Amino acid sequence: MSEPTLAQVDPEIASLIAKEERRQLDSIRLIASENYASRAVQEAAGSALNNKYSEGYPGKRYYQGQEYVDKVETLAIERIKKLFGVEHVNVQPYSGSPANLAVHYAFLRPGDKTVGLGLPAGGHLTHGWKVSITGDYFEAHQYGVRENDHRLDMDQVARLAREHKPKLMWCGTTAYPRHVDYAKFAEIANEVGAILVADIAHVSGLIAGKAHPSPVGLAPIVTSTTHKTLRGPRGGMILCDAKYAKEIDKAVFPGLQGGPHNSGIAALAVAAHEALQPSFETYARNVVTNAKAMAETLMSRGIDLVTGGTDTHLILADLTSKNVAGKPAAIALEKAGIVCNYNSVPFDKRKPFDPSGIRLGTPAVTSRGMGPDEMKRIGGWIADVVEAPTDEKVIARVRGELLAMCQQFPAPGLERR
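Residues numbered from 1 in each chain as written. Predicted model: local features only at pLDDT ≥ 70, side-chain atom pairs only at ≥ 80, totals over all residues. Heavy atoms only, no water.

What counts, and what does not: UniProt positions are given in the numbering used here, feature names are shortened, and annotations may be inferred rather than shown by experiment.
As recorded in an unreviewed UniProt entry, the protein chain goes by Serine hydroxymethyltransferase and comes from Sandaracinus amylolyticus. The Sequence similarities (unreviewed entry) comment attached to the protein chain in UniProt states, word for word, "Belongs to the SHMT family." Here the protein chain is described in UniProt, under the heading Catalytic activity (unreviewed entry), as follows: "(6R)-5,10-methylene-5,6,7,8-tetrahydrofolate + glycine + H2O = (6S)-5,6,7,8-tetrahydrofolate + L-serine".

### Overview of the packing of aromatic side chains
Where two aromatic rings form a pair, the distance of their centres and the angle of their planes describe that pair. To keep things clear, this is the line we draw: Planes of paired rings set the category: under 30 degrees apart is stacked, over 60 is edge-to-face and the rest tilted, where pairs are Phe, Tyr or Trp rings (Trp by its six-membered ring) whose centres lie within 6.5 Å. Helix and strand assignments follow DSSP, with helices taken as H or I runs no shorter than four residues and strands as E runs no shorter than two, numbered in order from the N terminus. Under the scheme applied here, a residue whose accessible area is under 20% of the maximum for its type counts as buried, over 50% as exposed, and between as partly exposed, the area being computed with a 1.4 Å probe on protein chains only. Here, over-ring charges are defined by two tests on the NZ atom of lysine or the CZ atom of arginine: distance to the ring centre within 6 Å, and angle to the ring normal within 35 degrees.
By the definition in use, this model includes six aromatic pairs. Summarising the aromatic geometry, the rings of Tyr-53 and Tyr-63 are spaced 5.2 Å apart at their centres and angled 55 degrees between planes, so their arrangement reads as tilted. In this pair, Tyr-53 is assigned in the loop between helix 3 (39-45) and strand 2 (56-57) and Tyr-63 in the loop between strand 3 (60-61) and helix 4 (67-84), connecting sequence segments 10 residues apart. You can call Tyr-53 partly exposed: its relative accessible area is 43%. Considering the side-chain rings of Tyr-57 and Phe-253, the 6.3 Å spacing of their centres and the 75 degrees angle between planes classify their relative orientation as edge-to-face. On the criterion of sequence distance, the pair formed by Tyr-57 in strand 2 and Phe-253 in helix 10 (residues 245-256) is long-range, its members being 196 residues apart. For Tyr-57, a relative accessible area of 17% gives the class buried. Taken together, the ring pairs in this structure connect Tyr-57, Tyr-62 and Phe-253 into an aromatic cluster. Over the ring of Tyr-36 we find Arg-29; its NZ or CZ atom is 4.4 Å from the centre of that ring.

### Here's the deal with the sheet that holds strand 12 (residues 314-318)
Basically, it comes down to this: Only when DSSP finds a minimum of two bridges between them are two strands counted as paired. Here a residue-residue contact requires only that any non-hydrogen atoms of the pair lie within 4.5 Å. Geometry is summarised by axes, namely lines fitted to C-alpha atoms with helices restricted to the contacting stretch, and by angles between N-to-C directions that run from 0 to 180 degrees.
With antiparallel pairing, four strands are arranged side by side in an open sheet as 11-12-15-14. Because the sheet does not close on itself, it has two edges, and the strands there are strand 11 (304-305) and strand 14 (341-343). Where strand 11 lies against strand 12, two bridges are found, and the strand directions are antiparallel. Within the sheet, the bridge partner assigned to Leu-305 lies in strand 12 and is Ala-317. Helix 12 (residues 278-300) rests against strand 11, strand 12 and strand 15 (357-361) of the sheet, and its axis sits at about 15 degrees to strand 12.

### Topic: the nonpolar core
Filter applied, for reference: In plain words, nonpolar cores are sets of buried Ala, Val, Leu, Ile, Met, Phe, Trp, Tyr and Cys residues tied together by side-chain atoms within 4.5 Å. The domain limits used here are those given by an automatic or database domain assignment.
Ranked by internal contacts, the top residues of the largest apolar core, which has 53 residues, are Ile-80, Phe-84, Tyr-143, Leu-152, Met-169 and Phe-185. Built from parts of two domains, this core gets at least three residues from each of domain 1 (42-276) and domain 2 (281-407). Excluding anything up to four places from it in sequence, Leu-152 contacts Leu-117, Tyr-143, Gly-144, Val-145, Arg-146, Tyr-176, Val-180 and Phe-185.

### So, the layout of surface pockets
As a reminder of what qualifies: A cavity, in this analysis, means grid points on a 1 Å lattice covering only the protein atoms where a 1.4 Å probe fits yet has no way out; a pocket is instead an open set bounded by protein on both sides within 12 Å along at least five of seven lines, and a residue lines either one if it has an atom within 4 Å of a point. Grid points are joined across faces, edges and corners, and a volume is the space filled by probe spheres set on the points.
Of the pockets and cavities examined, the largest pocket occupies roughly 1000 Å³. In terms of lining residues, the largest pocket is bounded by 43 residues, among which Gln-24, Ala-37, Gln-42, Ala-45 and Arg-234 are the most central. Only helix 1 (6-9), helix 2 (11-25), helix 3 and helix 11 (262-275) provide two or more residues apiece to the lining of the largest pocket. Looking at the lining of the largest pocket element by element, the count peaks at seven residues for helix 2.

### Description of the UniProt feature "binding site: (6S)-5,6,7,8-tetrahydrofolate" (unreviewed entry) in the protein chain
Per the UniProt record, "binding site: (6S)-5,6,7,8-tetrahydrofolate" (unreviewed entry) is found at Leu-119, Gly-123, His-124 and Leu-125. Among the annotated residues just listed, those that line the second largest pocket are Leu-119, Gly-123, His-124 and Leu-125. With a relative accessible area of 33%, Leu-119 lands in the partly exposed category. For Leu-119, the residues in contact, after removing those within four places along its chain, are His-124, Leu-125, Trp-129 and Gln-142. Examined against the element boundaries, Gly-123 turns out to sit in the loop between strand 5 (113-117) and helix 6 (133-136). Judged by its relative accessible area of 0%, Gly-123 falls in the buried class. The contact partners of Gly-123, leaving out residues within four places of it in the chain, are Leu-117, Gly-118 and Thr-174.

### Considering the packing of helix 5 (residues 96-107) against helix 10
Just so we agree on the cut-off: Throughout, the term roughly parallel applies to angles under 35 degrees, roughly antiparallel to angles over 145, roughly perpendicular to angles from 65 to 115, and oblique to all others. Take the far helix as the reference: if the near one is turned anticlockwise from it by less than a right angle, the crossing is left-handed, and if turned clockwise, right-handed. Side-chain classes are defined by residue name, with Ala, Val, Leu, Ile, Met, Phe, Trp, Tyr, Cys and Pro counting as nonpolar, Asp, Glu, Lys and Arg as charged, and the others, Gly among them, as polar.
Put simply, helix 5 and helix 10 touch, their axes get as near as 8 Å, and they point 110 degrees apart. Viewed along their axes, helix 5 and helix 10 adopt a mutual orientation that is roughly perpendicular. Every pair of crossing elements has a handedness; the one defined by helix 5 and helix 10 is right-handed. On the side of helix 5, the interface is formed by Pro-98, Leu-101, Ala-102, Val-103, Tyr-105, Ala-106 and Phe-107, while helix 10 contributes Glu-247, Ile-248, Ala-251, Val-252, Gly-255 and Leu-256. For the contact of helix 5 with helix 10, the per-class residue count stands at 11 nonpolar, one polar and one charged.

### Thoughts on the environment of Met-375
With respect to the helices and strands, Met-375 occurs in helix 15 (residues 372-387). For the pair formed by Met-375 and Val-365, sequence separation is 10 residues and the distance between their alpha carbons is 8.7 Å. With residues near it in sequence (within four places) discarded, Met-375 still touches Asn-290, Ala-293, Met-294, Thr-362, Val-365 and Met-370.

Structure representation (structure tokens):
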């Protein structure tokens, strides 16, 4: 007798999952940190590996029954090493934030100094922002962007580094649409004796696909999530030079975590295998091409973009000139079927929960096979809604046109029922 299905055991949860699948099929998902994982990745993530507990590392576990788990984790490590050209990889962090905390724990004690990009300028909480443990337990100093062009202020980076002599320096962004000058960061870090850490959570897939510069060889430690542009499961990883391997591994386990999520590591191995195929480079290039096409359309409609465009998958739009704040714009766009997040812009005069901008990203729509023509249509729809966020007729029209387009582009890992 077969076991009952999810729908039979818990129809309420089954219904909610089905509705979420439908939402992902019938909307234009422009949240820059989201994507579609393949069916193969999802199968690994939901496998029997969820049943196994595996404290420790391959060949050195604290539980028996690790024959296959060890092989799975080793495959993930070797594939990521090949993909990024690094000496050592830890694939056990539960997500990007724990990965960043592990780096802090590996090299710092409470009160030690760090330098990182401030949250209002496009940095991440875990680069030392005051509401994060990384800004509370450590003496974090934050650099920003230049007021005239909103590009990273490398002069300020150098001044802070020379003044405070940090043990760790962070580069990497979460809401900054341009390339990071990893070589310049490395030069400054070397001058003051700091360890440079590059957080590539948003662009790891673009780096793997050779559509973005890599910090490997310049930053001895690199952290990342495993989803976003990489199209893997939800998780984190740390890449580093061999000389830091022992400190990193010890910080992750037993420093911060117990048993790793074996199913997620298996799914990462699958995603890395997919990223090693030639088609992944095409996808990565298309992500950037699509972002540029959307950016050009938005600017042609009078929407101001931070830095005046993008080099990556990400667009940060300042809606001040359109006389609408980011939050009501994001709410109206979601009603129309376009899902993004409201976001602060550099030197924003509005509060973080009611900021001036919206953040857009092209990974998910690119994974569906959409191209520049579709990006131009989406950019036009965004402008239509932003210019009339309370006009239900405009929202309904956009929603109808958008649904028709979504039906032409299947979503990886999902099927219509």
